[in-house]
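Here is how the chains run, residue by residue.
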Amino acid sequence: MRIAVSADEVAGVAELIGEELKRRGHEVELFGALVPGERADWAWCSEAAARAVAEGRADQAVVACWTGAGASIAANKVAGVRAALCTDAVMADGARKWADANVLALSLRLTSAPLLQEMLDAWFAGEPSDDPVDRENVAHVADIG
């Protein structure tokens, strides 16, 4: 799977995200502070990773900033992106299941290395729900705005 990864600073698990995804066999494209000389501001790098998903250059993305809030807000402004700010594995699983999220947003402040492992396990194990109500909600989100 092709995964876009962005972070607005090299702090916490920022570098570990891409390393762990590569270890799991994914193709990783880095953005923001993870690329020397690239604009690292959270709005710009999160948008860049989200656009990679929206344009089909990546299947999914992981975006991160200090709180994760800004990264998720910026990513969600890109049409076709459903970014979910998750702080544990249960949230990551639910985001994939009920919201068919295609971008995982993380807090560099809150996410430890073991928690990152758990969230990635849940994220990649999660499958979008086939329940008609869940599918209707996801379709409605696409129509909002």
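Throughout, a residue's number is its position along its own chain's written sequence, starting from 1. Note on the predicted model: pLDDT of at least 70 is required for a residue's local features to be given, and 80 or more for side-chain atom pairs to be given and counted; whole-chain, interface and lining totals, by contrast, use all residues. Note that the side-chain values use all heavy atoms of the structure and ignore hydrogens as well as water.

- Going by an unreviewed UniProt entry, the protein chain carries the name RpiB/LacA/LacB family sugar-phosphate isomerase and comes from Streptodolium elevatio.

1. Side note on the pattern of salt bridges
Line of reasoning, step 1. A side-chain nitrogen of Lys or Arg and a carboxyl oxygen of Asp or Glu constitute a salt bridge if their distance falls within 4 Å. One pass over the full model with this rule turns up ten salt bridges.
Line of reasoning, step 2. Between R2 and D59 there is a salt bridge, and its shortest N-O distance comes to 3.1 Å. Of the two residues, R2 sits in strand β1 (residues 2-7) while D59 sits in the loop between α2 (42-54) and β3 (60-65), which places them 57 residues apart along the sequence.
Line of reasoning, step 3. On the accessibility criterion, D59 (35% relative accessible area) is partly exposed.
Line of reasoning, step 4. Ionic pairing is found between R24 and E20, a salt bridge with its closest N-O pair at 2.6 Å. Here a strand is any run of E in DSSP of at least two residues, a helix any run of H or I of at least four, and the numbering for each starts at the N terminus. Any residue under 20% of the maximum accessible area for its type is buried, any over 50% is exposed, and the rest in between are partly exposed; the area is computed with a 1.4 Å probe on protein chains only.

2. Some words on the pairing of strand β5 (residues 103-107)
Line of reasoning, step 1. Summarising burial for β5: five of the five residues are buried, a large majority.
Line of reasoning, step 2. One ladder, built from five bridges, connects β3 with β5; its direction is parallel. By the bridge assignment for β5, A64 is matched with L106.
Line of reasoning, step 3. When DSSP finds two or more bridges between a pair of strands, those strands are recorded as paired. One ladder, built from three bridges, connects strand β4 (residues 83-85) with β5; its direction is parallel.

3. Topic: the side chain of E20
Line of reasoning, step 1. Its place among the elements puts E20 in helix α1 (residues 14-23).
Line of reasoning, step 2. Beyond its immediate sequence surroundings of up to four residues, E20 is in contact with Q117 and L120. Working rule for contacts: check all heavy atoms of both residues, and any pair within 4.5 Å makes them a contact.

4. Looking at the packing of α1 against helix α5 (residues 113-125)
Line of reasoning, step 1. Angles here are taken between N-to-C directions and fall from 0 to 180 degrees, while the axes themselves are lines fitted to C-alpha atoms, restricted in helices to the stretch in contact. Interhelical geometry of α1 versus α5 gives an angle of 50° and a closest axis separation of 11 Å. The orientation of α1 relative to α5 falls into the category oblique. Handedness of the crossing formed by α1 with α5: right-handed. Contacts between α1 and α5 involve L16, I17, E20, L21 and R23 on the former and, on the latter, A113, L116, Q117, L120 and F124. Note on terminology: angles under 35 degrees are roughly parallel, angles over 145 are roughly antiparallel, angles of 65 to 115 are roughly perpendicular, and the others are oblique. Should the near helix be turned anticlockwise from the far one by less than a right angle, the crossing is termed left-handed; should it be turned clockwise, right-handed.

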